[in-house]
Amino acid sequence: IVKWAEIDLVLLDLDGTLLDLNFDNCFWNYYLPMEYAKTLSIPDNQAIDIIRKSLDSKLGTLSWYDIDYWSERFNIDIAKIKLKFSSNVSLRPNAEEFLAAVRSANKKLVMVTNAHRKVFEIKMGEIDLTDWFDNIIISHELKAAKESLLFWKELESRHKLDFQKALLIDDNEDVLKIAKSFGVAQVITIANPDSCQKPKIKTNYSAISDFSEIMPL
């Protein structure tokens, strides 16, 4: 799927790409509602409903990924709860082997993530991938989510990256669409970002289930 001879730069998402999205899905659907229900003394299903509707209202925006915003909105320490359950953070199949192979092939590696800095630090405390990367870009620090054209403009101007020789791997197809329109040469999505859910049947982009499918030669 990847034309490796045409790639000098590999841009990699974190959640749902390098890390199993199951941790995040369980957090927002179970762990957080459970703690929120306890705090407010309300039934679990009511807490789930409040959180889901609140999240839906900010989908695709930077606030959706901002745990400081949600901590204030729900009046609960989200980073503390994330840390409590962080032992459930796990890698997707052959993620680290892929990073090693990309490094061996002398490609530049840059992480591009919407994860909030606090969440990023918690996850790297469990599985530290930072040494593999030439640079780590956190969208909050560019003041725009990856779904926004502004993110890609800021990324290009601040870090002088050549997108015409870049591969982006991300489980979010809205991100892939905007990146492709901005000039990222090759994009790949993830068929099964959450290991506990069935793979996507239809995708708009080439999809992989395991990094072994696209190892550089």
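Everything in this summary refers to the structure shown in the same document.

Calculation criteria
- Residues numbered from 1 in each chain as written.
- Predicted model: local features only at pLDDT ≥ 70, side-chain atom pairs only at ≥ 80, totals over all residues.
- Heavy atoms only, no water.
- Buried < 20%, exposed > 50% of the residue type's maximum accessible area, 1.4 Å probe, protein only.
- Helix = DSSP H or I, 4+ residues; strand = E, 2+ residues; numbered from the N terminus.
- Arc of directions from axis to C-beta.
- Contact = heavy atoms within 4.5 Å.
- Polar contact = N/O pair within 3.5 Å; in protein donor to acceptor, adjacent residues only side chain to side chain.
- Axes fitted to C-alpha atoms, helices over the stretch in contact; angles between N-to-C directions.
- Parallel < 35°, antiparallel > 145°, perpendicular 65-115°, else oblique.
- Left-handed = near helix turned anticlockwise from the far one by under 90°.
- Nonpolar A, V, L, I, M, F, W, Y, C, P; charged D, E, K, R; others polar.
- Disulfide = S-S within 2.5 Å.

Bringing helix H3 (residues 67-74) into the picture now. Along an α-helix, residues three or four positions apart point the same way, because every turn accommodates 3.6 residues. Those residues of H3 lying buried are Ile67, Trp70, Ser71 and Phe74. Buried residues of H3, viewed axially, fall in a sector of 105°; they line one side. Packed against the buried residues of H3 are helix H1 (22-40), helix H2 (44-56), helix H4 (78-84) and helix H6 (117-126). Measuring from the side-chain oxygen of the N-cap residue of H3 to the backbone nitrogen of Asp68 gives 3.0 Å; that N-cap residue is Asp66. Of the residues flanking the end of H3, it is Asn75, one or two places downstream, whose phi is positive at about 55°.

In contact at an axis separation of 8 Å, H1 and H2 are set at 120° when each is read in the N-to-C sense. Taken together, the axes of H1 and H2 lie oblique to each other. Classified by chirality, the crossing of H2 by H1 is right-handed. The residues of H2 that touch H1, namely those facing Trp28, Asn29, Leu32, Pro33, Met34, Tyr36 and Ala37, are Asp44, Ala47, Ile48, Ile50, Ile51, Arg52 and Leu55. Along the lines of polarity and charge, the residues of the contact of H1 with H2 split into 11 nonpolar, 1 polar and 2 charged.

Looking now at the state of the cysteines. Per the stated rule, a full pass over the model turns up 0 disulfides. Counting only cysteine sulfurs, Cys196 is the nearest neighbor of Cys26, a cysteine outside any disulfide, at a range of 6.5 Å. What makes Cys196 exposed here is its relative accessible area of 61%.

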